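The lines below spell out each chain.
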Amino acid sequence: MKYYLIVGEASGDLHASNLMKALQKADPQAEFRFFGGDLMAAVGGSLVKHYKDMAYMGFIPVLLHLRTIFRNMDYCKEDIVRWQPDVLILVDYPGFNLKIAEYIKGHTHIPIFYYISPKIWAWKEYRIKNIKRDVDELFSILPFEVDFFQKHSYPIHYIGNPCVDAVDCFQQEYTEDFIHFVSRNHLENRPIVALLAGSRKQEIKDNLSRMIEASRAFPEYQFVIAGAPGIAPEFYQIYTEGNAKIVFGQTYDLLSHAVAALVTSGTATLETALFCVPQVVCYYTACGKLVSFLRRHILKVKYISLVNLIAGKEVVSELVADGMTVNNVKEQLAKILPGGEGRSRMQKEYESLIRILGESGASDRAAVQIVELLRQKYNEDVSK
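Now for a look at the structure at hand. (Residues numbered from 1 in each chain as written. Predicted model: local features only at pLDDT ≥ 70, side-chain atom pairs only at ≥ 80, totals over all residues. Heavy atoms only, no water.)

## Concerning the pairing of strand β8 (residues 192-196)
Here's step 1: Among the five residues that make up β8, five are buried, leaving the element largely enclosed by the rest of the structure.
Here's step 2: With burial as the criterion, each face of β8 is covered, one bearing Ile-192, Ala-194 and Leu-196 and the other bearing Val-193 and Leu-195.
Here's step 3: The pairing of β8 with strand β9 (residues 222-227) spans four bridges and is classified as parallel. Paired with Leu-195 across the strands is Ile-225, a residue of β9.
Here's step 4: Crossover connection from β8 via helix α10 (residues 201-215) to parallel β9: handedness right-handed.
Here's step 5: As paired strands, β8 and strand β11 (residues 258-263) are joined by five bridges and run parallel to one another. Each residue of the ladder has a partner; that of Ile-192, found in β11, is Ala-258. (Buried < 20%, exposed > 50% of the residue type's maximum accessible area, 1.4 Å probe, protein only. Helix = DSSP H or I, 4+ residues; strand = E, 2+ residues; numbered from the N terminus. Pairing = 2+ DSSP bridges. Right-handed = clockwise from strand over helix to strand, strands pointing away.)

## Regarding the sheet that holds strand β7 (residues 157-158)
Here's step 1: Pairing in this open sheet of seven strands is parallel, and the strands run β3-β2-β1-β4-β5-β6-β7 from one edge to the other. Only two strands of the sheet have a single neighbouring strand rather than two, namely β3 (46-50) and β7.
Here's step 2: Note: strand β1 (residues 2-6) against strand β2 (residues 31-36), five bridges, orientation parallel. Paired with Leu-5 across the strands is Phe-34, a residue of β2.
Here's step 3: Running over the sheet, helix α5 (residues 94-107) touches β1, β2, β4 (87-91) and β5 (112-115) and is turned about 165° from β5. (Contact = heavy atoms within 4.5 Å. Axes fitted to C-alpha atoms, helices over the stretch in contact; angles between N-to-C directions.)

## Topic: the packing of aromatic side chains
Here's step 1: All told, the structure shown has 16 aromatic pairs when counted by the stated rule.
Here's step 2: Ring geometry for Tyr-3 against Phe-32: centres 5.7 Å apart, planes inclined by 40°, an arrangement best described as tilted. Of this pair, Tyr-3 sits in strand β1 while Phe-32 is found in strand β2, placing the two residues 29 residues apart along the sequence.
Here's step 3: Where Tyr-4 meets Trp-83, the ring centres are 6.1 Å apart and the plane angle is 65°; that geometry is what we call edge-to-face. Note that Tyr-4 is positioned in strand β1 and Trp-83 in helix α4 (residues 66-83), a separation of 79 residues in sequence.
Here's step 4: Assessed through its relative accessible area of 0%, Tyr-4 is described here as buried.
Here's step 5: Counting every residue linked through ring pairs, the aromatic cluster contains Phe-170, Tyr-174, Tyr-252 and Phe-275.
Here's step 6: Here the basic side chain of Lys-2 rests over the ring of Trp-83, its NZ or CZ set 4.7 Å away from the ring centre.
Here's step 7: In this structure, Lys-201 is placed above the aromatic ring of Phe-235, and the distance from its NZ or CZ to the ring centre is 5.3 Å. (Phe/Tyr/Trp six-rings, centres within 6.5 Å; stacked < 30°, edge-to-face > 60°. Lys NZ or Arg CZ within 6 Å of the ring centre and 35° of its normal.)

In structure tokens:
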């Protein structure tokens, strides 16, 4: 069968690539065409547009690139209709994907599946109307989403979390020790604190300089940046002034050897927890006081990190908006470094979190369900 996938960022590229591998096992005749990234391209199929050419974040960057965004959207619609896939699989990225879903639902009979639900439980809950109207099947990777969508009379498929798969697969194969890791990357022989400052330029710009400034209070540690795909080393240097090393394409390697981490909220918070690395969530935004006010009065949830959302309580400290100050970062980081008062408690909470997420195999479970649904419910004439 023919599968058309759309992702808009690095984490989507990772999870979609693993789903594609699983689909190849469930459907040996699988053909892929996609808006995606390098990891998806490595699996096979046709890369139509790279996500790094679409990843605009924040009101001003989006406004400045509206023409490009609409041009990409129009081309995507035309390309899907022209290729006529057996299914369209959307991966997160709701601002773009829900518009695509609306068009495809209104102009074709192509089934629309959503893999990794839009986080409408946090804000923009009104989007449930679009999802119920335009999305045929939704596959969730967060256990608390089941109750949320049931409240809206919209049944979904919880298949586990693909981060568990990705980390489990990595840990089974990775054998490098600390000495070889630091030697290979020209690092120092000091304990590592990982800096995961986001995958978009705006996130890096807002967070990294404050992380670096806080790091100066801990000279016994080396602070190492996990470089994001598509971001040039020169861009990082603007905000680090050469005071931190960068490793690219080695986020999991880095977390394997880190004693703690400063992490911008997103999938990275969950991945860091799965490596049992104590962390502080850091998410600075401009107009911090206003954002903090809006967060208290508009967001539907108490937390922004996946770790706390899944646990249903504060496991990791969240320094958000005007709370993301250098002094606060130093204070919270000191608590989770070796010997810190909060370190062991956080690691014990991680163990509970991992039990909640369940066993690995999310990508395989999703692929099997997708193929079965297509063959039995949406495309019965497809040969088995």
